[in-house]
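Understanding the architecture of this molecule
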Amino acid sequence: MAERNTPWKGGELISLLVAASTTIEAGKMVSVNSGGYAIPAADTASTIVVGVAQESVVNSGANGAASVVVRRLKAFKFANGTTAVTQAGVGGNVVVQDAQTVTTAAAATNDIVAGKCLAVESDGVWVWIA
C-alpha cells in the first residue's frame, strides 16, 4: 500500500456555476438546482441550499456562463417568515421562504432546508449553513 498526496481545499468559499438567465444578489441564500447550477434560494422542489452569495451576478447566457462565490460554514441572520420561527425552533432545521427569509416547515410547500436555527432575535433568525 502506498501513501497518497490527496488534494484538498477549504469549503468556506466556493465558486458555483450559475443557471441560465439567472440573477443572484449578494447577501442572499443560494441553492443549486437539480442540474447543479446556482439559483436564488426559494421554496422550490429539488433544490439544495449551499450558502450565501458574496457578490451579485447576472448570467444572461447559458448554464454556467457565469459563476458566483458563495460563503458557507457560518451562521447568517435572515428575516423571520410569515409563520415565524420561535425560540422552540432553536436547534432544529428552518426552511426557505425566499432567498432572504426562513420559516417553519408548516409554512413551506417543499420544505427546502436552509440550515440549523441557532437563535431567534426580534429582527431575524440566525441560521447555520453547512
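Residues numbered from 1 in each chain as written. Predicted model: local features only at pLDDT ≥ 70, side-chain atom pairs only at ≥ 80, totals over all residues. Heavy atoms only, no water.

1. Re the sheet that holds strand β5 (residues 48–53)
In space, the five strands of this open sheet follow the order β1-β7-β5-β3-β4, with antiparallel pairing throughout. The two strands at the open ends of the sheet, each matched to only one other strand, are β1 (13–17) and β4 (38–40). The average undirected angle you get between the axes of adjacent strands in this sheet is 50 degrees. Summarising the sheet, strand β3 (residues 29–32) and β5 pair through four bridges and their orientation is antiparallel. Each residue of the ladder has a partner; that of S31, found in β5, is V49. (Pairing = 2+ DSSP bridges. Helix = DSSP H or I, 4+ residues; strand = E, 2+ residues; numbered from the N terminus. Axes fitted to C-alpha atoms, helices over the stretch in contact; angles between N-to-C directions.)

2. Some words on the nonpolar core
Counting 16 residues, the largest nonpolar core has M29, F78, V102, V127 and I129 as the members making the most contacts within it. Going through the elements one at a time, β5, β8 (74–80), β9 (93–98), β11 (113–121) and β12 (124–129) are the ones with two or more residues in this core. Sort the elements by how many residues they give to this core and β12 lands first, with three residues. Formed by 12 residues, the second largest nonpolar core is a distinct cluster that contains V18, V32, A38 and A53. (Core = buried A, V, L, I, M, F, W, Y, C linked by side-chain atoms within 4.5 Å. Buried < 20%, exposed > 50% of the residue type's maximum accessible area, 1.4 Å probe, protein only.)

Honestly, it's all geometry; don't read function into it.
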